[in-house]
Amino acid sequence: MQILIVEDERRLADVLSRALKEAGYNTDVSYDVPSAIDKLDIQPYDLVLLDRLLPGHADGGLAVCRHLRSAGNGTPVLMLTAMDTTEQRVSGLDSGADDYLVKPFDMNELLARIRALLRRGNKLDPPVLRCGDLTLDPATKQACLKKRPVALTAREYALLEYFMRNQGRVLSQTELLEHVWDYNYDGLSNVVETYVRYLRRKLAPTGVPTKFIQTVRGMGYVMKDC
């Protein structure tokens, strides 16, 4: 599950990114309107956390919302702002935001609102990811192999989801670290290898080697149904 955080307060953006990653989401961050629009134009996201007051455009976050909706993009948008008048809320919702949360907010409430929006989903995107007889439902965070649930930790889920959203593409350890762990992750690089091993075991309950995640020597890993 990929979330774009658009927040010009870098400390808050970092706190949000860490909290969402701990909850099992992948995150990208933009600090102004132009960079947010650039990211949204080239990569699909499952949800956007959008600050109301942003540099780069006179209308701030409203401009990002309008850009999304004018392009026919139904990605859920949760607007974050310190502006708390009825008029300001209405203008945010009228620009295309799906929900509105006033700063300062409780992180548990933020995560609950994110889950609620993700359950509604983006009607433009398929709700369930598939790779052969393996399925993953981003709304419920449930993976199933041959229709049987697979128990995953939050980090295992995030890694599997990134693989399933990038099927057929070779993913380096560096890319996986950046998208599934913190950009500034201080651990050893073999954390990716360790978690890939965990996933392979859980996706091969009978002991037969998994066919889903394959090692590409000297390059990384690729997920495909073969």
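Now for a quick tour of the structure. (Residues numbered from 1 in each chain as written. Predicted model: local features only at pLDDT ≥ 70, side-chain atom pairs only at ≥ 80, totals over all residues. Heavy atoms only, no water.)

The subject of this paragraph is the sheet that holds strand β6 (residues 129-131). The antiparallel open sheet is built from 4 strands, whose spatial order is β6-β7-β8-β9. The open sheet has two edge strands with one neighbour each: β6 and β9 (148-150). Sheet twist, expressed as the mean angle between neighbouring strand axes with direction ignored, is 25°. Running at roughly 110° to strand β7 (residues 134-137), helix α6 (residues 154-165) makes contact with β6, β7 and β8 (142-145) of the sheet. (Pairing = 2+ DSSP bridges. Helix = DSSP H or I, 4+ residues; strand = E, 2+ residues; numbered from the N terminus. Axes fitted to C-alpha atoms, helices over the stretch in contact; angles between N-to-C directions. Contact = heavy atoms within 4.5 Å.)

Another aspect to go through is the side chain of E161. Within the fold, E161 resides in helix α6. Residue E161 is classed as buried on the basis of its relative accessible area of 0%. In this structure, E161 is in contact with M1, N26, L129, L136 and P138, ignoring residues within four places of it in sequence. (Buried < 20%, exposed > 50% of the residue type's maximum accessible area, 1.4 Å probe, protein only.)

Okay, the sheet that holds strand β4 (residues 77-81) next. The sheet built from 5 strands is open, its strands ordered β2-β1-β3-β4-β5 with parallel pairing. Strands with a single pairing partner mark the edges of an open sheet, and in this sheet they are β2 (26-30) and β5 (99-102). Ignoring strand direction, the axes of neighbouring strands in this sheet form an average angle of 20°. In this sheet, β5 lies alongside β4 in parallel orientation, the contact comprising 4 bridges. Directly across from M79, in β5, lies its bridge partner Y100. Here helix α3 (residues 61-70) sits on the sheet and contacts β3 (47-51) and β4; the angle it forms with β4, its principal contact strand, is near 170°.

Time to look at the packing of aromatic side chains. Within a pair of aromatic rings, the relevant descriptors are the distance that separates the centres and the angle that separates the planes. Summed over all chains, the structure comprises 2 aromatic pairs. When the ring of F163 is compared with that of Y221, the centres are 6.5 Å apart and the planes differ by 90°; the resulting orientation is edge-to-face. Placement of F163 in helix α6 and of Y221 in strand β11 (residues 220-223) is noted, with a sequence separation of 58 residues between them. Comparing F163 with Y221 shows no difference in burial state: the two are buried. Between Y195 and Y198 the ring centres are 5.1 Å apart and the planes differ by 70°, which places this aromatic pair in the edge-to-face class. Linking Y195 with Y198, this pair stays in helix α8 (residues 190-202), spanning 3 residues, or about one helical turn. Take Y195: its relative accessible area is 22%, and that puts it in the partly exposed class. Exposure remark for Y198: the relative accessible area of 31% places this residue in the partly exposed category. Across the ring face of Y31, the terminal group of R10 is positioned such that the distance to the ring centre comes to 3.8 Å. (Phe/Tyr/Trp six-rings, centres within 6.5 Å; stacked < 30°, edge-to-face > 60°. Lys NZ or Arg CZ within 6 Å of the ring centre and 35° of its normal.)

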